[in-house]
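Below are the chains, spelled out letter by letter.
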Amino acid sequence: MTFMLNKNIGMALHTMRSSRARSFLTMLGVIIAVAAVTSVVSIGNGIKSAVTEQTNQYSKNVLTIRPAQIGGTESSLATLTEANATASLTTKDVNTISKVPSVVDSVPLTIVAGSAQGDSSFNGVVFAVGGELSTVVNQELAFGAFFSSTDSNNLAVLGATAADKMFDQRVPLGRSFTIRGQQFIVSGVLDKFASTPFTGSTNFNNAIFVPNAAVRSLAPNGAPVYEVLAKVDSDHSLTDADAAVAKALAKKHGGQHDFAVLTPAELAQATTSAFDLLTQLIVAAAIITLLVSGVGIMNVMLVSVTERIHEIGIRKAVGATNRQILNQFITEAAVLCVVGSILGAIFAFFVCLFLRIFTSLAPIYDWRAAGVACLAACGFGILFGALPALKAARKDPIAALRNE
Amino acid sequence: MAVIELQDVSKLYGFGDATTLALDEVSLKIEKGEFVAVMGPSGCGKSTLMNLIGLLDRPTHGTYSLNGRRVDRLRSNQAAKLRRDTLGFIFQSFNLLPRLTVLENVALPLSYTGMGTVKRQKIASNILERVGMQNREYFLPGQLSGGQVQCAAIARALVNNPSLLVADEPTGNLDSNGSLLVMELLSELHKVGNTIIFVTHNPELTRYATRVIYMHDGAIIQDEQTEIGKVAKTARKQMYNVSRSSEEDDLAGVSTLMKALPSKPSVRTKAKSRKRASSKKPKATQKRAKS
Ligand SMILES: Nc1ncnc2c1ncn2[C@@H]1O[C@H](COP(=O)(O)OP(=O)(O)O)[C@@H](O)[C@H]1O
Ligand SMILES: [Mg+2]
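If you're wondering where the values come from, they're calculated on a predicted model, not measured in any experiment.

## Here we look at the site of ligand 1
Residues in close proximity to ligand 1 include Arg-402 of chain A together with Tyr-13, Thr-20, Ala-22, Ser-42, Gly-43, Cys-44, Gly-45, Lys-46, Ser-47 and Thr-48 of chain B, which together make up its full environment. In this structure ligand 1 sits where residues from chains A and B come together. For ligand 1, an oxygen atom lies 3.1 Å from a polar atom in the backbone of Gly-45 of chain B. One of the side-chain nitrogen or oxygen atoms of Ser-47 of chain B is found 2.6 Å away from an oxygen atom of ligand 1. Contact with the protein chains hides 65% of the accessible area of ligand 1, taken as 550 Å² for the molecule alone. The set of elements that each furnish at least two residues to the shell around ligand 1 consists of β2 (20-30) and α1 (46-53) of chain B.

Dropping the structure here:
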């Protein structure tokens, strides 16, 4: 049995060698499909790990507390879309959080609507924060200093991108700009946060930070607290602190969990699961490609069968049974698929290597995805290849021989 | 026991108004060791008969026994196995696989028995030596002359040591040299005990046969035992007078005439020198040279 298989494979390789171009074109479909699936999943892996790493880097030991929908949807998307927040956090909550023993420092971020007008106007996010932000978030200032609660309330700190967009100067310290007609003076510019476009946390590079005291004049009717960042004592574990904060807040909210306490890992998780969704969509598209490559194999096998009716006639005339002809053609389809999918997996490896060297994406090659893609390609290919093979096997020897 | 025995075999093609009666209640018995030539005009059913005998096709009516076993109602896979194990078929158009070497082509029937490659190729190699093609093993069919290709095809038909060789116009696509090469080979195979049935348009080639069957309109109209080395009586008549039924027959007749006429020495001397070179001197050629 294994021996017959060997013979069939030998024969299939022989056929492939003798019609190189056709075999290669057939395999191309499989190669592209397998390479696409593997590369997409690998790139996704790379981004996920980068997100996790970056989130850990600047918000290490920091809990993010956000208002959540009442009823406490734990869906990752709900925590991403601030607009869905139907509950809100209050100054009281901020106090409660700061009183949790494991929390060393906490800072509320209040969102103020309005665009800023510097040298050019800029539509960023305006956050009213306390001066503690600089110590809570592990981020240095590129220039200047963070304002403190004792400073006058018309100072502002800019995210790197915001500074860049608003002012023509590279170091806009001391320059002024207006928000809702109120003037602010730049006291500092933050270092660029190494954030990816996919992070779930707000991109602080686009943010304008103003002192809490400015809220009263900017938004007389009050502004919602977007999130509270709480730095946890490094002696305490983040998950314990997470539980403690959640417990304390729930107590004040009458047992309602209308807020979410996120560790950096969870924050990254929210991002990565959103990204997973994207990956799944792309993989679904790639699976369709795999199917299409199966149809391609069917097509080529059909042509191959038609082209080789005479050969089938000869083989049957010298004693090949239907099953032996069937096996021969299925083996050919299988060899095309196996060789094609292996080449595809190797190609994906080089795509990943290329992206790693020449772009900031750092794909992590996913062997499992490559394996699954190869199996799927072979499955589809053999399934689709079997139909023309069946057609070949059922040919009447005389009719086949007459066909030149 | 006869090698093959056909009893009232008919073959119909198509249906309704388009029905063709290709064979009309043919009965035929061939014993081991016979060398049978089948003659008849184009379309008289010779190929149909060969295909039935070679188990490439099934009769519509009648019975067929091969080595005493009924084979007229076999399923296609059983027929394939019998073709593989007990029959050798030789085609007018050779039908070697163009992408396989001569050796691989000859070994092909054995590959369907599950025999290992080494053993298979050894047997094929031996057969090729027997047909005088040992130094062409690794050639592709396209690199050989027609006669050589047909010799390779004969080797393939022999490789399973068949009880019957069926040849449908084996020399139909060959020039006179090729024909000679092929017929001498078949003649030798006959001498070492093979049973052969072959179709020919060339009366001259009935010299090799021990028996000549004439067909017309799907029926056997004459069955004549003949001496090796002599053109069969009815065939000889056909050589000189008969009306030709087709252009193909005309051509065959012309080349036959050219060979038969003493005033055309070129073909004959060529044939003779070839015989000497191969040092095999079959009776048939000697006798023909004398006559
Ligand atoms: N597959 C077929 N379908 C219909 N008619 C056929 C087929 N094969 C042969 N015939 C008919 O059967 C008759 C005998 O054909 P064949 O055996 O090939 O003749 P020969 O070999 O003696 O020239 C012819 O009239 C031919 O037209
Ligand atoms: Mg014919």
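There's more to say after this.
## Comments concerning the interface of chain A and chain B
At the junction of the two partners, chain A supplies 23 residues and chain B supplies 27 residues. Between chain A and chain B, roughly 2100 Å² of surface is buried when both sides are summed, and carbon and sulfur atoms account for 60% of that area. Where chain A touches chain B, the interface holds zero salt bridges. For the interface between chain A and chain B, the tally reads six residue pairs in polar contact (both at pLDDT 80 or more). When contributions to the side of chain A that touches chain B are tallied by element, the ones reaching two or more residues are α1 (2-18), α10 (309-317), α11 (322-358) and α13 (397-402) of chain A. The biggest single contributor to the side of chain A that touches chain B is α10 of chain A, with six residues. Class assignment of the residues belonging to the side of chain A that touches chain B gives a composition of nine nonpolar, eight polar and six charged.

## Digging into a negative patch on the surface
Taken together, the side chains of Asp-8, Asp-24, Glu-25 and Asp-217 of chain B present a region of like negative charge at the surface. Relative accessible area serves as the criterion here: at 57%, Asp-217 of chain B is assigned to the exposed category.

## Quick word on the confidence of the model for chain B
Confidence along chain B averages 85 in pLDDT terms, with 82% of residues attaining 70 or more. Among the scores for the predicted complex, ipTM is 0.82 and pTM is 0.69.

## Describing the packing of helix α4 (residues 91-99) of chain A against helix α8 (residues 238-252) of chain A
All names here are of chain A. Running from amino to carboxyl end, α4 crosses α8 at an angle of 140°, the nearest separation of the two axes being 9 Å. Taken as a pair, α4 and α8 cross one another with a handedness that is right-handed. Where α4 abuts α8, its residues Asp-93, Thr-96 and Ile-97 lie against Val-245, Ala-248, Leu-249 and Lys-252. A class-by-class count of the residues in the contact of α4 with α8 yields four nonpolar, one polar and two charged.

## Here we look at the sheet that holds strand β10 (residues 219-225) of chain B
Residue and element names in this part refer to chain B. If you walk across this open sheet you meet the six strands as β6-β7-β8-β3-β9-β10, and the pairing is mixed. Both edges of this open sheet fall to β6 (87-90) and β10, since each of them pairs with a single strand only. Across the sheet, the mean angle separating the axes of adjacent strands is 15° when strand polarity is ignored. Two strands pair when backbone bridges link them, and strand β3 (residues 35-39) and strand β8 (residues 196-199) are joined in this way by four bridges, in the parallel orientation. Considered in β8, the bridge of Val-38 is made with Val-199.

Cut-offs applied
- Residues numbered from 1 in each chain as written.
- Chains lettered and ligands numbered in written order.
- Predicted model: local features only at pLDDT ≥ 70, side-chain atom pairs only at ≥ 80, totals over all residues.
- Heavy atoms only, no water.
- Near = heavy atom within 4 Å.
- Polar contact = N/O pair within 3.5 Å; in protein donor to acceptor, adjacent residues only side chain to side chain.
- Areas by Shrake-Rupley, 256 points an atom, 1.4 Å probe, with all protein chains shown as cover.
- Helix = DSSP H or I, 4+ residues; strand = E, 2+ residues; numbered from the N terminus.
- Contact = heavy atoms within 4.5 Å.
- Buried area = accessible area lost by both parts, 1.4 Å probe.
- Salt bridge = Lys/Arg side-chain N within 4 Å of Asp/Glu carboxyl O.
- Nonpolar A, V, L, I, M, F, W, Y, C, P; charged D, E, K, R; others polar.
- Patch = residues over 30% accessible without salt bridge, like charges linked within 9 Å, V, L, I, M, F, W, Y side chains within 5 Å.
- Lys, Arg positive; Asp, Glu negative; His and termini not counted.
- Charge placed at Lys NZ, Arg CZ, Asp CG, Glu CD.
- Buried < 20%, exposed > 50% of the residue type's maximum accessible area, 1.4 Å probe, protein only.
- pLDDT = per-residue confidence, 0-100.
- Axes fitted to C-alpha atoms, helices over the stretch in contact; angles between N-to-C directions.
- Left-handed = near helix turned anticlockwise from the far one by under 90°.
- Pairing = 2+ DSSP bridges.

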